[in-house]
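Letter by letter, the chains look like this.
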Amino acid sequence: MLVLGIETTCDETAAAVVARAPSGAGHVISNVVRSQVEEHSPYGGVVPEIAARAHVEVLDIVIAEAMRQAGIGFSDLSGIAAAAGPGLIGGVIVGLTTAKALALAADRPLIAVNHLEAHALTARLTDGVAFPYLLLLVSGGHTQLLAVEDVGRYRRIGTTIDDAVGEAFDKVAKMLSLPYPGGPEVESQALRGDPERFAFPRPLFGRREPDFSLSGLKTAVRVEADRLAPLTDTDVADLCASFQASVVDVICDRVRAGARQFRDIAGCGPTALVVAGGVGANIAIRLALQKTAAEIGTRIAVPPPALCTDNGAMIAWAGAERLARGLTDTLTISPRARWPLDPSATGAKA
Ligand code: KG4
Ligand code: ZN
């Protein structure tokens, strides 16, 4: 089974071709990502209107390149998948409409994929993880712990009550005048800083409910940065290292709480702790979670960084998983700005 996947929900225009064998094994055939970082960096964040226009400008080229690298034509595809949300609606419309046109022209099934589901299922492509597993989804827009029971069956165990983890990285970077996107910048500054110079708070640490809170930590960094201003290079590095150390502690503690909840819900332990979303690219977080996974009696599965941040392969793979179960969509499907994985979760927005 060969599936084309299209991703346009945020600031990456991406397309990929993924193969799925009858055994369920997956393989990335091509994976093309055109980042819009340059377009957005003067503004210090993603500007929705600029994002939508940039997707329109390059999506056809990105898709053609993914098909060329795969060495196939549209008639060789088993299906065409696109992220139909959640995300910035202008971009979602561009990707989904393009997929509909291709599906119609090539007479192939359309699969409308939830972007979060694509992050959630990527570890099955890269690591062959079996259900049920504990998913830590940490990106710029989302911070959730989920029990992934099957394709289409997700139970939210915990979420952030304020900022997403990636958002906190981005905001800390901005207040320290580091370039956008902030996550990788804060990580590289942290490498040469002292993680013990500042005793920043560990919000919700030790709480039974596996929820997150990041805004108090972010404020603590701001207060300290204001107190020290003007900041030396060492101050910036130490602030980043101390901030990241706090995030690492909080994430590991929240995952431990999530694992307890998982057992209560599923009646068994998770087959793996899966980390997904852009923050999963952070090495310090990956290493710390490796230990946490061992503590909770499971293994960790983290897709390689290129498949943690937004990409087309994850959309193609989620499309293939759905297609293998006969789950396809009609051309009347609508793009969605909000689309929670677990609609029953209280306050579920996306
Ligand atoms: O999944 P993603 O590419 O897009 C969303 O769906 O949000 O995640 C992007 C987020 C950004 O907030 C970015 O700063 C963060 O992931 N990020 C990182 C790292 N690389 C990306 N955060 C911490 N450390 C990193 N190395
Ligand atoms: Zn994402």
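These numbers were taken from a predicted model, which means no experiment stands behind them.

> What is the right way to look at the coordination of the zinc ion (ligand 2) in this model?
The protein atoms donating to the zinc ion (ligand 2) are H115 (NE2), H119 (NE2) and D310 (OD), with metal-donor distances spanning 2.1 to 2.2 Å. Each of the four donor atoms around the zinc ion (ligand 2) contributes to a set of angles spanning 93 to 150°, which defines the coordination as irregular. When the donors of the zinc ion (ligand 2) are listed by position in the chain, the intervening gaps give H-x3-H-x190-D. Here the residue H115 and the residue H119 both occupy positions in helix α4 (residues 115-127), the gap between them amounting to four residues, near one helical turn. Here H115 falls in the buried class, since its relative accessible area comes to 5%.

> Just to check I follow, could you spell out the domain arrangement of the protein chain for this structure?
Interfaces are often sized by the amount of accessible area the parts lose when they come together. We note that the domain assignment places domain 1 (2-123 + 310-324) and domain 2 (131-302) within the protein chain. Computed from C-alpha coordinates alone, the two centres of domain 1 and domain 2 are separated by 27 Å. The interface of domain 1 with domain 2 comprises 17 residues on the first partner and 15 residues on the second. For the domain 1 face of the interface with domain 2, the top three residues by lost area are L116, H119 and A120, together amounting to 37%. In this structure, the connection of domain 1 to domain 2 is made through zero salt bridges. Contributing elements (two or more residues each) for the side of domain 1 that touches domain 2: α1 (37-40), α4 and α11 (312-324).

> What am I meant to see in the pattern of salt bridges here?
When the charged atoms of two side chains with opposite charge come close together, those side chains can pair. Following the criterion strictly, the structure yields 21 salt bridges and no others. Here R153 and E149 are joined by a salt bridge, their closest N and O atoms 3.4 Å apart. As a salt-bridge pair, R208 and D264 come within 3.8 Å of each other at their nearest N and O atoms. Taken together, the positions of R208 in the loop between α6 (182-191) and α7 (215-228) and D264 in helix α8 (residues 233-266) put the pair 56 residues apart, joining distant regions of the chain. By relative accessible area, which is 57% here, D264 ends up exposed.

> Would you explain the sheet that holds strand β4 (residues 79-85) in this entry?
Paired through their backbone hydrogen bonds, the strands of a sheet run either parallel or antiparallel. Spatially, β3-β2-β1-β4-β5 is the arrangement adopted by the five strands of the open sheet, whose pairing is mixed. The open sheet has two edge strands with one neighbour each: β3 (26-35) and β5 (110-114). Going across the sheet, the axis of each strand differs from the next one's by a mean of 20°, ignoring polarity. Sheet topology places strand β1 (residues 2-7) next to β4; four bridges connect them, and they run parallel. The residue of β4 that forms the bridge with L4 is I80. Contacts from α4 reach β1, β2 (12-20), β3, β4 and β5 within the one sheet, and its direction differs from that of β5 by about 95°. Where α11 meets the sheet, its contacts fall on β1, β2, β3, β4 and β5, and the angle it forms with β2 comes to roughly 40°.

Each value, and the rule that gives it
Sequence order as written defines residue numbering, which begins from 1 separately in each chain. Each chain takes a letter, starting from A, and each ligand takes a number, starting from 1, following the order in which they are written. Local features in this predicted model are restricted to residues whose pLDDT is 70 or higher, and side-chain atom pairs enter the listing and the counts only when it is 80 or higher, whereas totals over whole chains, interfaces and linings include all residues. Remark: hydrogens and water are excluded; side-chain values derive from all non-hydrogen atoms of the structure. Metal-coordinating donors are taken as N, O and S atoms lying within 2.8 Å of the metal, or within 3.2 Å when the metal is Na, K or Ca; because water is left out, some sites can appear incomplete. Square planar and octahedral sites, with four and six donors, are those where opposite donors lie more than 155 degrees apart and all other angles lie between 65 and 115, tetrahedral sites have four donors with every angle between 85 and 135 degrees, and the rest are irregular. Strands are runs of DSSP state E lasting at least 2 residues, helices are runs of H or I lasting at least 4, and numbering of each runs from the N terminus. Three labels apply to residues, based on accessible area from a 1.4 Å probe with only protein chains included: buried if under 20% of the type maximum, exposed if over 50%, partly exposed otherwise in between. Bear in mind that the domain bounds are from an automatic or database domain assignment. Pairs of residues are marked as contacts when any of their non-hydrogen atoms sit within 4.5 Å. The quantity reported as buried area is the accessible area (1.4 Å probe) lost by two parts once they are put together, taken as the sum for both. When a carboxyl oxygen of Asp or Glu lies within 4 Å of a side-chain nitrogen of Lys or Arg, that pair is called a salt bridge. A pair of strands is treated as paired once DSSP finds two or more bridges between them. To obtain each axis, a line is fitted to C-alpha atoms, and for helices this fit is confined to the stretch in contact; angles are then taken between N-to-C directions over 0 to 180 degrees.

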